[in-house]
Amino acid sequence: MVNIMKLISVLLLSVVVFSCNQNGKAPSEIIADSDNGGLTLPEGFSALIVVDEIGHGRHIVVNDNGDIYVSLKNHSQNKGIVCLRDTTGDGKADVVEYTGEHTGTGIKLHKGYLYFGADSAIVRYPMQEGDLLPGSQWELIARGFPQERQHEAKPMEFDDQGNMYVTVGAPSNACMAQMRTKGSPGMDPCPILEYAGGIWKFREDVLNQEQLTDGVRYATGIRHAVANCWNSEVNELYVVQHGRDQLHQFFPEIYDSKQSAELPAEEFFLVTEGSDFGWPYCYYDPLQAKKVLAPEYGGDSEIQERCENKTDPVMAFPGHIAPNDLLFYTGNMFPERYRNGAFIAFHGSWNRAPEPQSGYFVVFVPFEGAYPSGDWEVFADGFAGEGIINSTRDAEFRPCGLAQGPDGSLYVVDSNKGKIWRIIYS
């Protein structure tokens, strides 16, 4: 009788293991690459390459069944979304399909739809359970965004109240009357803030919403925030901003080249309704730990004036390293200290000369409640390759998007070729 019961237990376990694999095949063990895909990681972590090249990847999302979706900056095979599936259970994508007519940055799976942030609209594609490809008949959710040639990305995020938040980057460095021109003053008030440089709130399920008539301006004074995430632990929205450029180039009488390489900080914001973070009038100086008046508006690198009452960041990062995605970790694979903390992908700088270019890594920020509980630390490095990076062209890969898998692993996608890494812990 005992032997019979053991046999039944083994058979039941075999059925469970078999049924848990999404494609009806016995799962393989996920083994990291011997060189961790070229990455340097903390002790206990390892990585494998999911796919080598899919196009100019931007953001990434992973479905509950492990299917992966990546937005593309440019069309590949005349499509703007890459859909990947692992049918063998080894962590490598052996099915790669292209779909979607739009290109852009934002991509999210939400309530049975794949939402896509094209540069001038938010659309969604219906998802069918079990299918890798979304339906081809897309719906227009929000439109009317400005057609821009810089800071055009439209990432979106969702709360638990039926709202969608879209960041609209400002097509400007500092709202100068003559764009990026030495000596040109800043426009005051800045007309760009009427339609950009902030976050707009929409309903997630209402079609054909216009930005300026149906959307609500949720926050302002944000130059460009590609990295955004709803923190479900505290029910708040967070973004990380790209700070302004070229302080020394336009105002050499105030800033030397080293100051211009370090200033201003890339700012990590907790965003509440009505927040004003100060762009273009203000920037955050991490050395003085305060917001100061921008030189286009009469600033001398020290005075605050109108900036004294602008909302400060919850954390400041070195200047010009380009935060491009943000993720609050909720999985169980990584050690407890990582739970509810933030991972941020930094795309890398182009304008820190004469200092070497910097960034090109993924950092971790520990959190307790709504605020960081410790300093930021480099979590994953090695994307750019070896040697000094003097130009973005020198970087082999540039981390751009982050996603959490259903097992708690962390996915990172590169924007140069679309390489995807999967970081695991054992």
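Residues numbered from 1 in each chain as written. Predicted model: local features only at pLDDT ≥ 70, side-chain atom pairs only at ≥ 80, totals over all residues. Heavy atoms only, no water.

A. Just the pairing of strand E7 (residues 113-118), in detail. Burial analysis of E7 places five of its six residues in the buried class, which makes it a mostly covered element. The pairing of strand E6 (residues 104-110) with E7 spans six bridges and is antiparallel. The partner of Gly 104 across the bridge, within E7, is Ala 118. Taking the residues between adjacent antiparallel strands as the criterion, E7 and strand E8 (residues 122-126) are bridged by three residues. (Buried < 20%, exposed > 50% of the residue type's maximum accessible area, 1.4 Å probe, protein only. Helix = DSSP H or I, 4+ residues; strand = E, 2+ residues; numbered from the N terminus. Pairing = 2+ DSSP bridges.)

B. Fine view of the nonpolar core. Of all hydrophobic cores here, the largest spans 34 residues; its most connected members are Ile 122, Met 164, Val 166 and Cys 190. Top contributing element to this core by residue count: strand E11 (residues 163-168), with three residues. When sequence neighbours within four positions are dropped, the list of residues in contact with Met 164 reads Tyr 115, Ile 122, Ile 141, Ala 142, Met 156, Glu 157, Phe 158, Trp 200, Lys 201, Phe 202 and Glu 204. Counting residues in hydrophobic clusters, the runner-up holds 22 residues, among them Phe 379, Leu 410, Trp 421 and Ile 423. (Core = buried A, V, L, I, M, F, W, Y, C linked by side-chain atoms within 4.5 Å. Contact = heavy atoms within 4.5 Å.)

C. Main features of the pattern of salt bridges. Per the stated rule, a full pass over the model turns up 18 salt bridges. A salt bridge links Asp 407 to Arg 422; the nearest nitrogen and oxygen atoms lie 2.7 Å apart. You can see Asp 407 sitting in the loop between strand E28 (399-404) and strand E29 (410-414) and its partner Arg 422 sitting in strand E30 (residues 420-425), a full 15 residues away along the chain. Relative accessible area serves as the criterion here: at 8%, Arg 422 is assigned to the buried category. Connected via shared salt-bridge partners are Arg 180, Arg 223 and Asp 245. (Salt bridge = Lys/Arg side-chain N within 4 Å of Asp/Glu carboxyl O.)

D. Spotlight on the packing of aromatic side chains. Summed over all chains, the structure comprises 33 aromatic pairs. With a centroid separation of 6.0 Å and an interplanar angle of 85 degrees, the aromatic rings of Tyr 329 and Phe 343 are classed as edge-to-face. Here Tyr 329 is found in the loop between strand E22 (323-328) and strand E23 (342-346), whereas its partner Phe 343 is found in strand E23, with 14 residues between them in sequence. Accessibility classification places Tyr 329 together with Phe 343 in one group, the buried group. Where Phe 397 meets Trp 421, the ring centres are 5.5 Å apart and the plane angle is 80 degrees; that geometry is what we call edge-to-face. A residue pair is termed long-range when its members are at least 10 positions apart, and Phe 397 in the loop between strand E27 (377-380) and E28 and Trp 421 in strand E30 qualify at 24 residues. Trp 421 shares its class with Phe 397; the two are buried. A network of ring pairs unites the aromatic residues Phe 45, Tyr 329, Phe 334, Tyr 338, Phe 343, Phe 364, Phe 379 and Tyr 425 as a single cluster. The ring of Tyr 113 has Arg 124 lying over it, and the distance from NZ or CZ to the ring centre is 3.7 Å. (Phe/Tyr/Trp six-rings, centres within 6.5 Å; stacked < 30°, edge-to-face > 60°. Lys NZ or Arg CZ within 6 Å of the ring centre and 35° of its normal.)

E. Quick peek at the state of the cysteines. Enumeration according to the criterion identifies two disulfides in this entry. For Cys 175, the disulfide goes to Cys 190, at an S-S distance of 2.1 Å. Measuring the twist about the S-S bond at about 95 degrees, one finds the Cys 175-Cys 190 disulfide to be right-handed. Of this pair, Cys 175 sits in the loop between E11 and strand E12 (198-203) while Cys 190 sits in the loop between E11 and E12, placing them 15 residues apart in sequence. (Disulfide = S-S within 2.5 Å.)

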